[in-house]
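The residues making up each chain are set out below.
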Amino acid sequence: MALLQIQEPGGKPAKVLHRLAVGIDLGTSNSLVSALCGTGVETLPDDNGQHLLPSVVRYSADGSPLVGYAALSGLVDDPENTVASSKRLLGKSLSELQNLPQVLPFKFDPEREETSPAISTVSGSKDPVQISADILEKLKVRAEQCLKGELEGAVITVPAYFNDAQRQQTKDAAKLAGLNVLRLLNEPTAAAVAYGLDSEDQGKVCVFDLGGGTFDVSLLSLQKGVFEVLATGGDTNLGGNDFDHALAQWILQQAGYNAELDFSERAILNQLAMDVKHQLSEQDQLEISWQDWSGTITNTEYSEICAELIKRTINTCRRVLRDASLTINDIDNIVLVGGSTRMPVIRQAVASFFSKEALTNIDPDKVVAIGAGIQADVLIGNKSSNNFLLLDVNPLSLGIETMGELVEKIIPRNTTIPVARAQEFTTFKDGQTAMSLHVVQGERELVEDCRSLARFELRGIPAMVAGAAKIRVSFQVDADGLLSVAAEELSTGKKAEIQIKPSYGLKSDLIEEMLQSSQENAQVDMELRSVKEAQLEATQLIDAIANARSSDGEILNTEELLLIEKAVETLELAMKDSSANKIRELTEDLNRISGDFASRRMDLHIGRALKGESIDEVANSSS
Amino acid sequence: MALSITQNAAQHVAEQLSSRGHGLGIRVGVTTTGCSGMAYVLEFVDKLEVGDQVFEDHGVKIIVDPKSLVYIDGTEMDFVKQGVNEGFEFTNPNAKGECGCGESFSVG
C-alpha cells in the first residue's frame, strides 16, 4: 500500500497520491465514463444509478442544454433542437451531412461554410464539436462528483476507422469540455485492453461490435503489448434497432395485421419487440401478445427471423478476415462489444463462424469504456513504468537527410510511441559552421522518394575539421503522434528544434502506397544507397588529399605525386558510373598509395612542433 | 476493539508530535474515495470529538472515530521504508482488496 504521512487536522483528508483520470466511450447512441475505483476500473453512474448516458443533446432558448435521458423526450417533442448520434456528424462537410442515409430533422446554419457545418437551434448554431463537447462535459461533471476531485486527464475512444479530421474534432470537443486528452484510443483496442489481452505476448484479436445502430468488426494484431489494427469493416446502419424492426414485422405477420400503424401503436410494437429481444437473452421461449393476438416465440424462431441480419454480420467478419489475409484459425480471441451482442443468436452465430467461444464476461456495453479507463490510469502515471502500455506505432519511418541525399532513419516504422531516439552526426566539410536538417518520412533510401516534413538549421557550430563536430539529433514522438526534432552541437550546447505533426494529412491509403513502393524498390534502393555511400567516402578522401597537398605538398617527390594524381583521377572517373564495389576498391587503392604521404606529414608536424612552432600555427597550416 | 502500533512507528509518531509542539495524539480513520473504495486518514489531533475512541500503545495515543473503527478494528500501524520513501503503513485485517496504488481499499 501507499505510505501515509501524518496530516494536519481538518486539512485534506489523506493525501491523494492517486491522480484522477477517466476513460470515456463517446458512443453514437450512448456514452460512458469510467475510472479506477478501489480495486478495478468501473463505469461511473449518475445520481440515479444509470451508467449509460444517451448521446442526445437538447438545446433550449434559455441557455444550458439538456443531455442524456433528460433530452430523450425532445427527439419526439422538439426534433429540430434535439441532436442524437452527433458522432456521425463529426468531421463531415455540409454536403456529406446532407447525403447521410438518415434523414436529419434539423436545419443547417446557412451562414456556415461548406467545411464547417452547424445546426441551427433555438440556442444558436451548434457544430458537431460543440454537441460532442456538451456530452463530454456532462460525463466530466459526473466523474468529478463521483471521484470527488478534479480530473487530470481522459482517454477518449474513437472508432478504428475514424480519419484525421474526425479524430481532431473529437479532441477539439474534449478541449472545449475542459478535458485534457491523454490519448485517443481505438474502440476495439480498448475492448481488448479491458480483457487484459494486451498482457499476452502476441495474438490476433477479432472485436465484434454490434451496437444500437452501428456494426463494426476490427482485427487487431498484438505484438509485445502493442496493438495494430489490421483491418476493419462494418455497417454504419446495422444494429439492435434493425433486429427489433425485423421482430416487429414478424409479430404483425403472425397477428395477420395489415392496416397502417399509427404513431403510438408503432411505438408500443417497437417496445414490445425490444422487450421480447431482451427476454430471449435470458430464456429460450416466451409468450407474447399484441393487441388481440398472442403466441409463443423461441430463440430458434427468433434466429430465423433475424437470419438475414445475422448473415450480414458474419459476412462482414469473413470480408475483414480476407482483407487482413487471415483465416479463422489465426484468431486467438474474439471480443464482443455492444448491447446487441447479448443476444444468444448472435453469440451462437459468432461462435460457430469462428469455431471458438467469444469473450463475454465483461458487460458488452461497458467494455470499451473500461478499457479506456484502464489506459487512462496507466497514462496519467498511476502505474509503474514497467507495465506501461504502449499501444500505438508510428506508421512510417522518420529520419533526416544526410549528405548524398540519403535518408538516415532515426525512428523506424512500427516503433511504439511515445518514443525518443537520438543519433550523433558530424560535419562533412572542414570549418562547417551550420547544418541544415531535413526531416523526412518514408521507407525509401533516397530523400526524393520520401515525404518531406520540415527543414531547419543549426547555426553557430564552431569551425572544426570535418568529422570533429558532434551534433546530436534527437527525435521525439509523443503519444498523439506529434514529432519534435532537436539538434544540439555538443561542445557548445547550441540548439535548434522544430515540431511537426507527421501523420497530418496522410491518408491511410497513402501510407499503404508509400510502404508498398518501399518494398517494391527495396533492392534498387539498397544499391543506390551503397553507390551513394561509396561516392561520399571517395569524395572525402579526395578532398583530404587535396588539402594535404596544398599545405605539405613539398614533401612529395614528383613520382609519388604522379602516382597519387593518377589514383585520384581513376577514382573520380569511376565515381561517375561504376558500381559501389568498384568505387570502394579504387578508394582503397588511393588510400594505400597516399598512406605513406599521410604518415610522413604526421612526422613533419610533430617535428615542427618540437622545433618550437606553436600548435596554432601547425593547426592553421593544415586547415 | 483495538488498534495497535509498532515500536518503530510509535517512536516516529512521538518525534513528529514533539517537533510539532502540540497535539494529543494521532487520528486514524477512513474516508470514502473513488466510487467504492475507502482511504485511510492519518492526522494530528488537537481536540477530541464526541464519540472518539482512544487507544494507547507504546506510549502513543491513537484516536479513532466510531464510524471508522468498524472498518479498521484490529489494524496494526507500522513505519516502513520503501526505497527513498518512508511513511506509515497499515495492516488491516478487514481489508479485502486494495486498489493498484494502495491508496484505497474495500472491505467487500
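Anyway, here's the lowdown on the structure attached to this text. (Residues numbered from 1 in each chain as written. Chains lettered and ligands numbered in written order. Predicted model: local features only at pLDDT ≥ 70, side-chain atom pairs only at ≥ 80, totals over all residues.)

Counting its secondary structure elements, chain B contains two helices and nine strands. Reading the helices (α) and strands (β) of chain B from amino to carboxyl end gives β-α-β-β-β-β-α-β-β-β-β. Evaluated residue by residue, chain B yields a buried proportion of 34% over its 108 residues. Long-range pairs, those at least 24 residues apart, make up 52% of the contacts in chain B with a sequence separation of at least 6. (Helix = DSSP H or I, 4+ residues; strand = E, 2+ residues; numbered from the N terminus. Buried ≥ 20, exposed ≤ 12 C-beta atoms within 10 Å, placed from the backbone. Contact = placed C-beta atoms within 7 Å.)

Moving on to the nonpolar core. One recurring pattern in soluble globular proteins: nonpolar side chains tend to sit buried together. Counting residues in each nonpolar core, the largest one holds 105 residues, and the members touching the most others are Ile24(A), Leu136(A), Ala154(A), Ile156(A), Ala192(A), Phe208(A) and Val335(A). Per-domain counts for this core show at least three residues from each of domain 1 (16–195 + 363–387) and domain 2 (199–361) of chain A. (Core = buried A, V, L, I, M, F, W, Y, C linked by C-beta atoms within 7 Å. Domains from an automatic or database assignment.)

This part covers the environment of Asp65(B). Residues and elements named next belong to chain B. With respect to the helices and strands, the residue Asp-65 is situated in the loop between strand S5 (60–64) and helix H2 (66–72). With 17 C-beta atoms counted inside 10 Å, the residue Asp-65 sits in the partly exposed group. On a C-alpha basis, the gap between Asp-65 and Gln-53 in space is 6.1 Å, while along the polypeptide they are 12 residues apart. Sequence-distant contacts of Asp-65, defined by excluding residues within four places in its chain, comprise Gly-29, Glu-49, Gly-51 and Asp-52.

On to the sheet that holds strand S20 (residues 398–402) of chain A. All names here are of chain A. In space, the four strands of this open sheet follow the order S21-S20-S24-S25, with antiparallel pairing throughout. Two strands bound the open sheet, and with one partner strand each, they are strand S21 (406–411) and strand S25 (451–459). The average angle at which neighbouring strand axes cross in this sheet is 30 degrees, direction not considered. (Pairing = 2+ DSSP bridges. Axes fitted to C-alpha atoms, helices over the stretch in contact; angles between N-to-C directions.)

To continue, consider the packing of helix H15 (residues 558–577) of chain A against helix H16 (residues 580–593) of chain A. Residue and element names in this part refer to chain A. The geometry of H15 relative to H16 is characterised by a closest axis approach of 9 Å and an angle of 165 degrees between their N-to-C directions. One way to sum up the angle between H15 and H16 is to call them roughly antiparallel. As H15 runs across H16, the sense of the crossing is left-handed. Residues Leu-563, Ile-564, Ala-567, Val-568, Thr-570, Leu-571, Ala-574 and Met-575 of H15 form the contact with H16, whose own contacting residues are Lys-582, Ile-583, Leu-586, Thr-587, Asp-589, Leu-590 and Ile-593. By residue class, the composition of the contact of H15 with H16 is 11 nonpolar, two polar and two charged. (Parallel < 35°, antiparallel > 145°, perpendicular 65-115°, else oblique. Left-handed = near helix turned anticlockwise from the far one by under 90°. Nonpolar A, V, L, I, M, F, W, Y, C, P; charged D, E, K, R; others polar.)

Before going further, it helps to examine the environment of Asp198(A). All names here are of chain A. Within the secondary structure, Asp-198 sits in the loop between helix H6 (187–194) and strand S13 (202–210). Note on Asp-198: 25 C-beta atoms within 10 Å, which makes it buried. When the C-alpha atoms of Asp-198 and Leu-222 are compared, they prove to be 7.1 Å apart, with 24 residues separating the residues in sequence.

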